[in-house]
Amino acid sequence: MSAPINALLQQLSAHFNCAVAPGWGNTAADIVFVADAPGKREIETGEPSSRVSGRLFAEFLASIALPRDEIYLTNVVKFRSPGRDPNRQEIAACRGLLQAELQAVRPRIVVTLGRIGLNEFLPLMKISQVHGQDFRLQAHGLDFTLFPLYHPAAAMHNGKMRPLLKADFLKLGAWLAQNLPEKRQEAV
């Protein structure tokens, strides 16, 4: 990532006195996934989505033939909030960094994973009302499609969510096939 993004990461780390996890992946990707916050292992290893929900995420990516090297994955908050969801202060403190990442990657589609990611783009919406739908947005100086999904961790905590999340990933795959056909041809 760029020097300005690295500087923002260092500022966050110093301000909150904690380790931070940068975004990861292809900085020329057409698709960015935005989750809520890194897990403990992600902070320790620097590898995003590396635990059980990460394996489920990888399984869903494979189900639509989307290799991890074709995506960029980041979080709204770049550090771990112990035992709770990130609060408004933490989200606000990290907003500039998320914006800088989106500006650097310039994706054609942003896929949010969970309510916190969704609310960064559509603050008045509930994930239960909009999951698996696409929205054209102009935000952060970019024009892109927003595609909200439940976070894979939701399927880990509630087995009934797994078929719903799988169906939503299939909708994402269909959207990609229709709107980024050159990428989908290469993946098959």
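Here the structure is a predicted model, which means the values were calculated and not measured.

1. Concerning the environment of Asn26
No. 1: Position of Asn26 among the secondary structure elements: in the loop between β1 (24-25) and β2 (31-35).
No. 2: Each C-alpha atom of the pair Asn26 and Glu70 lies 5.9 Å from the other, and the pair is 44 residues apart in sequence.
No. 3: With sequence-adjacent residues up to four places away left out, Asn26 is seen in contact with Asp69, Glu70, Ile71, Tyr72 and Val105.
No. 4: Reaching out from Asn26, the side chain makes a polar contact with the backbone nitrogen of Ala28 at a distance of 2.7 Å.
No. 5: Among the polar contacts listed, one links the side chain of Asn26 to the backbone oxygen of Asp69, at a separation of 3.1 Å.

2. Thoughts on the side chain of Lys78
No. 1: With respect to the element layout, Lys78 can be found in the loop between β3 (71-75) and α4 (88-105).
No. 2: A polar contact is formed between the side chain of Lys78 and the side chain of Thr74, at a distance of 2.6 Å.
No. 3: A polar contact of 2.4 Å, which involves the side chain of Lys78, links it to the backbone oxygen of Asn75.
No. 4: Discounting chain neighbours no more than four positions away, the residues touching Lys78 are Leu9, Leu12, Ala19, Val20, Ala21, Pro38, Ile43, Cys94, Leu97, Leu98 and Glu101.

3. Side note on unusual backbone geometry
No. 1: One non-glycine residue, Asn17, lies in the positive phi region at around 50°.
No. 2: One can find Asn17 in the loop between α1 (3-16) and β1.
No. 3: The class of Asn17 is exposed, set by a relative accessible area of 69%.

4. Some remarks on α4
No. 1: Its 18 residues give α4 an end-to-end C-alpha distance of 25 Å, which sits within 8% of 26 Å, the value for a rise of 1.5 Å per residue.
No. 2: The sharpest bend along α4 comes to roughly 40°, located at Arg95.
No. 3: Within the sequence span of α4, burial applies to Glu90, Ile91, Cys94, Leu97, Leu98, Glu101, Leu102 and Val105.
No. 4: Residues of α4 that are buried in the fold lie against α1, β2, β3, β4 (109-113), α5 (115-121) and β6 (142-149).
No. 5: In this structure Asn87 caps α4, since a side-chain oxygen of it lies 3.1 Å from the backbone nitrogen of Gln89.

The rules behind each value
Residues numbered from 1 in each chain as written. Predicted model: local features only at pLDDT ≥ 70, side-chain atom pairs only at ≥ 80, totals over all residues. Heavy atoms only, no water. Helix = DSSP H or I, 4+ residues; strand = E, 2+ residues; numbered from the N terminus. Contact = heavy atoms within 4.5 Å. Polar contact = N/O pair within 3.5 Å; in protein donor to acceptor, adjacent residues only side chain to side chain. Buried < 20%, exposed > 50% of the residue type's maximum accessible area, 1.4 Å probe, protein only. Expected span 1.5 Å × (residues − 1). Bend = angle between axes of the 7 residues up to and from the residue.

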